[in-house]
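Understanding the architecture of this molecule
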Amino acid sequence: MSWKRRQDGLLAMINFPPYSLQMLTSRHVLVGGGGGSSKTGIANGFEIFEISHNGQHFVAEEVTRYETGPNVVMNSATYNNGKKIWLVAGQESHCQLYNIQLKVVTAENGEISKKYNFPKREDLRQRRKGSKEEPFLKRENIEDIKNDTITEKHKKLQLLIKPADSIQTDFGSGQPLQRVVRISPNGNIMATGGTDGLIRLWHFPQLNSLHELKGHSKEIDDIDFCPKSKQIATVAKDGKLIIWDVNTFNKNKELSWNPSDTEKCIFKRCRFRKTVADDNPSNPKLLFSISNSLPSRDRSRSKMHYGFLQQWNVDLGQMDRVVKYKENLSELAVSDDGKFVAVGTMSSGTVDLFIAFNLQRLLHVPNAHNMFITNLEFLPTSLDGPAITSNCETAVISCSVDNKIRIHSVPYRHALPFWLFVIFIIVSICGAFILCSYLGL
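Values in this document were obtained by computation on a predicted structure and should not be read as measured data.

**Here's the deal with the pattern of salt bridges**
Inspection of every chain in the model, using the stated rule, returns 13 salt bridges. With a closest N to O distance of 2.7 Å, R200 and D196 form a salt bridge. In this structure R200 comes out as buried when scored by relative accessible area, which is 8%. Several salt bridges converge on common partners, so that one network encompasses R179, E219, D221 and K237.

In structure tokens, the structure reads:
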């Protein structure tokens, strides 16, 4: 049985509409978005927040802000191999690659020293291929540490965004636009999709063209790699959900589902369950998707829109479970341990959390945002660095064009210990015998 929360923790208010959320480390979340190329005065770019828990609720502190000029950030993906962090961002028809560097800087009275302040965008040069990476700490930083000029409470970790290569990934006949980008879990392949309906695979991080997957007739809405990077799932506005083999570039399966013969749906998002349990051949490979109903041509029928959360058995090519909503769905996320699924809605800005294997709802947050959910991201359990210590079993971050970043958490579910249950039974039996003896029965 789920429990309801009217409003959850507000992490941050930003001054641009956010469209993308990415966890960079176990504690740092990157928010991307903007107001576009029009002269509205709304900035385009990224903000990075460090998340912590103060014993009562989650809090966020801004550590980096980076502006991308006239290019709004509509989608992004990250890859962290424990040594380096890469960020790729969809900016109009192009995909921009960034290197994110970790750096320890001096803080004086809570403020960053000007000596180690963030570089301005005009000071950042385009990184050439094969150029030497900037060291984690410069020589002067090391000397400062040796001389005890940086104390423990004055050291801060900063994440600096450095632009590298940029490539065009969509060639639509109208206004080309990259709609989605993903990096494979092994970090070897990047996949992009846009308005021209093609899935383009690229060598990563070189960004050299690898292959084009042709199977959709309309613009791409979502892409996801399986945990072993051997398969890729794609959905588009043509209503198809296709599973591809990454090694052979062949189509493995094409999944489709409609509520009835008279009702039609279009897939919106897709996510594989990412968990080590998938290494066991006896465990089914699960894929989650959300889809929305199409308006009926029959004017006598209800004009209500419906959304569906679906769980698929990829090996069998069949749907195992479905949850129906009385409104369209906009976003989908799966936790990196494969235990939880989150969805966001269009009209009410609601966020729901489910148990992944049976789609039992754990948390319902109605009207979490004033407008539709633009992205969801779980706090990770497997990225480098210590996990955030809190009193919750899982937590998901949501963003919306209301410029708010919120976090929604599920407390640990404490089960009754077996030994306590046995003691309760024994006490109940003894109590029954004593009561019967007292009554002379």
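The discussion continues.
**Observations concerning the environment of L286**
Summarising the element assignment, L286 is placed in strand β21 (residues 286-293). Once the C-alpha coordinates of L286 and W312 are considered, the two residues, 26 residues apart in sequence, prove to be 5.6 Å apart. Residue contacts for L286: discarding those within four places in its chain leaves F272, R273, Q311, W312, N313, V314 and D320.

**Overview of the pairing of strand β20 (residues 265-272)**
Successive side chains on a regular strand alternate, one facing one side of the sheet and the next facing the other. A large share of β20 lies buried, amounting to six of its eight residues. Of the pairings in the sheet, the one linking β20 to β21 comprises seven bridges and is antiparallel in character. Paired with F272 across the strands is L287, a residue of β21.

**Quick look at the sheet that holds strand β19 (residues 251-255)**
Spatial ordering of the open sheet is given by β16-β17-β18-β19, a layout of four strands whose pairing is antiparallel. The sheet is open, and its two edges are formed by β16 (220-225) and β19, each paired on a single side. Strand-to-strand twist across the sheet, computed as the mean angle between neighbouring axes with direction ignored, equals 20 degrees. Here strand β18 (residues 241-245) runs beside β19; their pairing, made up of four bridges, is antiparallel. Within β19, the residue paired with L241 across the bridge is L255.

Each value, and the rule that gives it
- Residues numbered from 1 in each chain as written.
- Predicted model: local features only at pLDDT ≥ 70, side-chain atom pairs only at ≥ 80, totals over all residues.
- Heavy atoms only, no water.
- Salt bridge = Lys/Arg side-chain N within 4 Å of Asp/Glu carboxyl O.
- Buried < 20%, exposed > 50% of the residue type's maximum accessible area, 1.4 Å probe, protein only.
- Helix = DSSP H or I, 4+ residues; strand = E, 2+ residues; numbered from the N terminus.
- Contact = heavy atoms within 4.5 Å.
- Pairing = 2+ DSSP bridges.
- Axes fitted to C-alpha atoms, helices over the stretch in contact; angles between N-to-C directions.

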